[in-house]
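# Secondary and tertiary structure notes
Each chain, letter by letter, is given below.
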Amino acid sequence: MPPHVLAPTIHVLGGGAIGLLVTGHLLKGQVPVRLHLRQMPSVPTCLIPLSFIEAWRGPGTPGQVLQCPVEEAGADGPIECLVIATKAQQAREAVGPLYSRLTRNSSVLFLQNGLGVFEEVANLWKEERDRQPFFLLGSTTHGAYRPAVPGEIERSVVHAGMGKMWFGAASAHENGSPRLQNLVRNLSSWVPGLALDPRLLDAKEIRDRLVEKLAVASIILPLTALSGQKNGALLSPPLETLATDLAEEVSSVLVRTGHSRMTPSWVKGRVREVAEGTRENVSSMKADVEMGRRTEVEYICGALNRMARDAGIHTPLLRMVQGLIEARQIRKVDNET
Ligand SMILES: NC(=O)C1=CN([C@@H]2O[C@H](COP(=O)(O)OP(=O)(O)OC[C@H]3O[C@@H](n4cnc5c(N)ncnc54)[C@H](OP(=O)(O)O)[C@@H]3O)[C@@H](O)[C@H]2O)C=CC1
Ligand SMILES: CC(C)(CO)C(=O)C(=O)O
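Residues numbered from 1 in each chain as written. Chains lettered and ligands numbered in written order. Predicted model: local features only at pLDDT ≥ 70, side-chain atom pairs only at ≥ 80, totals over all residues. Heavy atoms only, no water.

## Describing the overall build of the protein
Helix and strand counts for the protein come out as 10 helices and 11 strands. Whereas a compact globule of 337 residues would reach a radius of gyration of roughly 20 Å, the protein reaches 20 Å, a difference of no more than 12%. Principal-axis analysis of the C-alpha atoms places the extent of the protein at approximately 60 × 45 × 40 Å. Burial status across the protein gives 47% buried among its 337 residues. (Helix = DSSP H or I, 4+ residues; strand = E, 2+ residues; numbered from the N terminus. Rg over C-alpha atoms; globule rule 2.2 N^0.38 Å. Buried < 20%, exposed > 50% of the residue type's maximum accessible area, 1.4 Å probe, protein only.)

Below, the structure is given as C-alpha cells:
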C-alpha cells in the first residue's frame, strides 16, 4: 500500500496562484487534497478541472489537467492539516468559517508574504488557547500566476519560476517537538518526489527568512506599484536612488530589532539581485493596485513601520510609500461607488 493512502487529507484554503500550485503538486503526488474556494461554481460539483502548467521546465512544456476535489458548502468534520494560501489581508476572514473544524490536533501552515497574518489568525483562538492548532509559518520563492480561463469551473495555474519553499513551527517551543517531527516524516513520505521540495527550519530561521523577504518586498513592491514600472526599473535612476534611500531606512529598523546582518549594503544588494532576477515581472502589488484590489502593504511596509515605531525609529519614506499605496486603494474604491 503506498504511504500516502494513510495520509490525512490536506485542505488548501484559497484557489489562487499559490493555492493551486500547492494543490497541483499534492494531486500529482497522489496526496488526498481538498481545495476550499471563496466562491463555489454555480453548478454543484465536487471535482473541478485544474490545468497545471510547469512553464519553468521550458517553452512548449505541455500542461496537465488534474481532477481537483473541492470542499462542498456545509462540509464539516475536523481538519487535520490546513494550508492557508489566501493573500495576507484575506486570511482571517477565510479561516473564520473553519474555526470549529480546527482543533489542537490540527496543523495550520501560513504561506503569506509579510508579517502579522499568523498573529491575526491565532487571535481567533484567544478565548480558547487550549484548543489552538499547531501553527507553522512558510515562505516560498516559487513564482506562480493564474492565467485567465474561459470557463467558470476550470482553474488554471502557471508555475513560472522554480524556487524554494521553507517552513517551520511558529513558536520556538515546538522546535523538534514530536508533532513537528511527525508532520515532517509524514510530509516526506507522502510526497517523495514533490518538486516544491519543502525544507524544515527552526522557528527563528523561518522568521529570519520571512524578514529577509519582507526587507526586499517593502522596497520593490511599493516602488513598482507607485511608478507603474516592472521590477527591472529599480536597477536605474530614478527608482534606483529611491530604492537606496528606502534600503537605509529598512536596514535601520532591522538592525535595531536584532537582524544585524541586514545592513544597508546587504538590503541594497538583495533588492538589486531580486530586481535583476525578476526584471520582467509585474510585481504583485503593481498588479493589485492596477486591478483596484486591496494590497498586502499593511503586512509588508506596515509591518516594518510598526517595528520602527516600537523601536523608536523614524521611517518617513517607508511611511510615505505605505500611505501612498493606501491612498490609491481608497481612491479606487471611491471611484467605484
Ligand atoms: N503568486 C506567487 O508567485 C507568490 C505569492 N506569494 C504569497 O502567497 C500568498 C497568496 O498569493 P497568490 O496565490 O498569488 O494570491 P491570489 O490572489 O492569486 O490568491 C488568493 C486566493 O485566495 C482566495 N480567497 C480570498 N478570500 C477567500 C476566502 N474567504 N475563502 C476562500 N478563498 C479565499 C481568492 O479567491 P478568488 O479567486 O475568489 O479571489 C484567491 O483565489 C500572498 O501572500 C503572496 O504574497 C509568495 C510567493 C510567490
Ligand atoms: C519577488 C517579487 C518582487 C517578484 O515580483 C514579489 O515577491 C512579488 O511580486 O510579490
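## Looking at the sheet that holds strand 3 (residues 47–53)
In spatial order, the strands read 4-3-9-8; together these four strands make up an open sheet with mixed pairing. Two strands lie at the open edges of the sheet, namely strand 4 (64–69) and strand 8 (143–145), each paired on one side alone. Going from strand to strand, the sheet's axes swing by 30 degrees on average, the running direction of each strand aside. The sheet contact formed by strand 8 and strand 9 (residues 155–161) spans three bridges and is antiparallel. The residue of strand 9 that forms the bridge with Ala-144 is His-159. Sitting on the sheet, helix 1 (residues 17–28) is in contact with strand 3, strand 4, strand 8 and strand 9, with an inclination near 95 degrees to strand 3. (Pairing = 2+ DSSP bridges. Axes fitted to C-alpha atoms, helices over the stretch in contact; angles between N-to-C directions. Contact = heavy atoms within 4.5 Å.)

## Re the packing of helix 5 (residues 203–227) against helix 7 (residues 264–277)
For any two helices packed against each other, the geometry is given by the interaxial angle and the distance between the axes. Between helix 5 and helix 7, the least distance of the axes is 9 Å, while the angle of their chain directions is 70 degrees. With respect to each other, helix 5 and helix 7 are oriented roughly perpendicular. Residues Glu-212, Val-216, Ile-219 and Ile-220 of helix 5 form the contact with helix 7, whose own contacting residues are Trp-266, Val-267, Arg-270, Val-271, Val-274 and Ala-275. (Parallel < 35°, antiparallel > 145°, perpendicular 65-115°, else oblique.)

## A few points about the site of ligand 2
Around ligand 2 sit Ile-220, Leu-221, Asn-231, Val-274, Asn-281, Ser-283 and Ser-284, and that is every residue in its neighbourhood. One of the side-chain N or O atoms of Asn-231 is found 2.9 Å from an oxygen atom in ligand 2. A distance of 3.5 Å separates an oxygen atom of ligand 2 from a polar atom in the side chain of Asn-281. The fraction of the free accessible surface of ligand 2 (280 Å²) that becomes covered by protein chains is 79%. For the shell around ligand 2, the residue count by class is three nonpolar, four polar and no charged. (Near = heavy atom within 4 Å. Polar contact = N/O pair within 3.5 Å; in protein donor to acceptor, adjacent residues only side chain to side chain. Areas by Shrake-Rupley, 256 points an atom, 1.4 Å probe, with all protein chains shown as cover. Nonpolar A, V, L, I, M, F, W, Y, C, P; charged D, E, K, R; others polar.)

## Observations regarding the pairing of strand 2 (residues 33–36)
Bridging between strand 1 (residues 10–13) and strand 2 involves four bridges; their strand directions are parallel. Looking across to strand 2, one finds that Val-12 is bridged to Leu-35. Between the parallel elements strand 1 and strand 2, the chain passes through helix 1 in a crossover that is right-handed. (Right-handed = clockwise from strand over helix to strand, strands pointing away.)

## Things to note about the site of ligand 1
Around ligand 1, the surrounding shell holds 24 residues, and the nearest of these are Gly-16, Ile-18, Arg-38, Ala-144 and Glu-296. Gly-16 places a polar main-chain atom, nitrogen or oxygen, 3.0 Å from an oxygen atom of ligand 1. Within the complex, 81% of the 900 Å² of free accessible area of ligand 1 lies under protein. Along the lines of polarity and charge, the residues of the shell around ligand 1 split into eight nonpolar, 10 polar and six charged.

## A look at the UniProt feature "domain: Ketopantoate reductase C-terminal" (unreviewed entry) in the protein
Feature annotation in UniProt assigns "domain: Ketopantoate reductase C-terminal" (unreviewed entry) to the following positions: residues 206–329. In this annotation, residues 206–329 is assigned 73% helix and 0% strand; the end-to-end C-alpha distance for the span is 31 Å. (UniProt positions renumbered as here; feature names shortened; annotations may be inferred.)

## Details of the packing of aromatic side chains
With the rule as written, the count across this model stands at five aromatic pairs. Ring centres 5.8 Å apart and planes at 50 degrees place the aromatic pair Phe-110 and Phe-135 in the tilted group. Note that Phe-110 is positioned in strand 6 (residues 107–110) and Phe-135 in strand 7 (residues 134–140), a separation of 25 residues in sequence. For Phe-135, a relative accessible area of 5% translates into the label buried. Ring centres of Phe-118 and Phe-135 lie 5.4 Å apart, and the angle between their planes is 65 degrees; this geometry places the pair in the edge-to-face category. Taken together, the residues Phe-118 in helix 3 (residues 117–122) and Phe-135 in strand 7 connect sequence positions 17 residues apart. Clustering of aromatic rings is evident, with ring pairs tying together Tyr-99, Phe-110, Phe-118, Trp-125 and Phe-135. (Phe/Tyr/Trp six-rings, centres within 6.5 Å; stacked < 30°, edge-to-face > 60°.)

## Digging into the environment of Ala-17
Relative to the helices and strands, Ala-17 is located in helix 1. Along the primary structure Ala-17 and Gln-132 are separated by 115 residues, whereas in three dimensions their C-alpha atoms are 28 Å apart.

## A look at helix 9 (residues 297–311)
Its 15 residues give helix 9 an end-to-end C-alpha distance of 20 Å, which sits within 8% of 21 Å, the value for a rise of 1.5 Å per residue. Buried within helix 9 we find Val-297, Tyr-299, Ile-300, Cys-301, Gly-302, Ala-303, Leu-304, Asn-305, Met-307 and Ala-308. One or two positions beyond helix 9, positive phi appears at Gly-312, with a value near 70 degrees. (Expected span 1.5 Å × (residues − 1).)

## Considering the packing of helix 5 against helix 6 (residues 239–256)
Packing of helix 5 against helix 6 leaves a shortest axis separation of 10 Å and a crossing angle of 145 degrees. Crossing angle aside, the handedness with which helix 5 passes helix 6 is right-handed. Along the contact surface, helix 5 presents Val-211, Ala-215, Ser-218, Ile-219, Leu-223 and Ser-227, while helix 6 presents Leu-239, Leu-242, Ala-243, Leu-246, Ala-247, Val-250 and Leu-254. When grouped by side-chain class, the residues that make up the contact of helix 5 with helix 6 number 11 nonpolar, two polar and no charged. (Left-handed = near helix turned anticlockwise from the far one by under 90°.)

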